[in-house]
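The lines below spell out each chain.
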Amino acid sequence: MTKLRTLYFTGVDVGVGNGGGEICCRNHIRSLTEDPEIDLILVVTAPKTSEEATRALAARLDVPLTFIPSEEIRKSDPLRHLRYLSRKFPFSYEKNLRHKRHIDRAFAVLLETAKPDVVIVDHLPSALYVPSLYASSVPRCVVKLNREAEFHRDAHQNRGDDINSPLMKLAFARWSRIEETIQSESDGVIALTVNDLPTDGSRPKVAVAIPPFLDAFERQWSYTGNKRVGFVGHIGHFPNKLAIEWLCVELAPCVARLDPDIRFRVIGAGPGDVPAGWLQPNVGLFGRGERQFVEDEFTQNDLFLAPILNNYGSKIKLLECVAFGAPFLATPSALSGLSFLQLVPTIDLANPQASAKTLVDLVNGNGALVALSEGIRWQVGDFRRAQQGVWGRTLKSVIEAASDRRSN
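It should be emphasised that the depicted structure is a prediction, and the values quoted were computed from it without experimental measurement. (Residues numbered from 1 in each chain as written. Predicted model: local features only at pLDDT ≥ 70, side-chain atom pairs only at ≥ 80, totals over all residues. Heavy atoms only, no water.)

1. Structural notes on helix 4 (residues 101–114)
Our working rule: Per the convention used, a helix needs a DSSP run of H or I reaching at least four residues, while a strand needs a run of E reaching at least two, with both numbered from the N terminus. Working rule for helices: expected span equals 1.5 Å times residues minus one. Burial here depends on accessible area, computed with a 1.4 Å probe over protein chains only, as a share of the maximum for the residue type. Under 20% is buried, over 50% is exposed, and the range in between is partly exposed. The contact criterion used throughout is that any non-hydrogen atoms of two residues lie within 4.5 Å.
Taking 1.5 Å as the rise per residue, helix 4 with 14 residues should run 20 Å; its terminal C-alpha atoms sit 20 Å apart, in good agreement. Taken residue by residue, helix 4 has His102, Ile103, Asp104, Phe107, Leu110, Leu111 and Ala114 as its buried positions. The inward-facing, buried residues of helix 4 contact strand 1 (4–10), strand 2 (38–46), strand 3 (65–69), strand 4 (118–122) and helix 5 (131–134). Taken from the residues just after helix 4, Lys115 is the one with a positive phi, measuring 50°.

Below, the structure is given as structure tokens:
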């Protein structure tokens, strides 16, 4: 069988990072190496300090790697060569692009010598580093981890910026246009959930959702009946900040009235990280715990909570729950990356009293938590088996779409 020669490129630090984006991209790399129809070539740009860890990852997966240090290796082009809007109103990724042009030069050489059948750009902003790809005729697809322009706007809003100001409107319009351009100039778009697929004219012929999953961890959840409910998520990430605020201010007082023995345990914020009004006697704020402590929480708490408002991307905290076999309650938005799950009880951020009752009934239900854990595990297993080979099938469709596009 002839395999698809697939070049994978990302600007995400997959070697050392442990954020949601890094975890998702590592999952994609591993899934691609496991697909029998794909012959993978890995290309990563990241700080030089990450090279050793990135090479170790590639060695574990037995995949060839080209590592391009992201640091500038020669004097950058003059800033005046950038367009006016890029100079005056750059967005976060764009500020450093003028220092990264060596990345595209190295990538262009590799594109010519490797002669891939198809290229995957993982994390949409990574496309900004390799404009030579979009000037070529090589079939290509881009992987979206969320809706970039909307996420950028919401992050500024939750930081306290006025999103109705002329500058913020201009920034959002520019990011939207760039996101749409990258999508429209790709032969395929792959998202973590259907919510992140384009719905406008930038949607290419191939637009699919491929949810990421983590392999099951050696340590697994077991029921203890300790009435502990956990949340994991650093408060510096604005969706987590909103979730922690709702848990402390809205949910915890309602739960205390129904069952004062239930205790919440928050990993990712300490008492000094939140306003005094958020502090509650039934909520423990444990700061940013080490990995061993986090694993203890996943395997020893009775239940996990994901009160996430936005439906961007896939929620890594729920993927970790699945990998540990831990039962969880979540909003429908948080479940967007696990939309195939059936009969999983959900919570409503607009109705904390009803959410509290759902939580208390589940914690106190006879065998309910064990049944929920087993049900989630079975459904995830069935879905993952149905997804086997999905990357190879999708890339074949991307190549066909590229051929159709270039023949028209």
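2. Topic: the sheet that holds strand 12 (residues 328–330)
Where strands meet in a sheet, backbone hydrogen bonds hold them as pairs that are either parallel or antiparallel. Test applied: Two strands qualify as a pair provided that DSSP identifies no fewer than 2 bridges between them. To define axes, lines are fitted to C-alpha atoms, for helices over the stretch in contact only, and angles between the resulting N-to-C directions are given on a 0 to 180 degree scale.
Strands sit in the order 10-9-8-11-12 across an open sheet of five strands; the sheet is parallel. Only two strands of the sheet have a single neighbouring strand rather than two, namely strand 10 (283–285) and strand 12. Between one strand and the next, the sheet's axes are offset by a mean angle of 25°, whatever the strand orientation. Here strand 8 (residues 228–232) runs beside strand 11 (residues 303–306); their pairing, made up of two bridges, is parallel. In the strand pairing of strand 11, Gly230 is matched with Phe304. Strands strand 8, strand 11 and strand 12 of the sheet are contacted by helix 10 (residues 316–324), whose axis makes an angle of about 155° with strand 12.

3. Focus: helix 2 (residues 51–61)
Test applied: Taking the helix axis as origin, the arc is that swept by the directions to the C-beta atoms.
Buried residues of helix 2: Glu51, Thr54, Leu57 and Ala58, and no others. Taken around the axis of helix 2, the buried residues stretch over an arc of 125°, which confines them to a single face. Away from its buried face by more than 90 degrees, helix 2 exposes Glu52, Ala59 and Arg60. Looking at the buried side of helix 2, the elements it contacts are helix 1 (20–34), strand 2 and strand 3.

4. Remarks on the environment of Asn311
For Asn311, the location among the structural elements is in the loop between strand 11 and helix 10. For the pair Asn311 and Pro139, spaced 172 residues apart in the sequence, the C-alpha separation amounts to 29 Å. For Asn311, the residues in contact, after removing those within four places along its chain, are Arg147, Thr193, Asn195, Asp196, Ser333 and Ser336.

Geometric descriptors of this kind do not, in isolation, establish any biological role.
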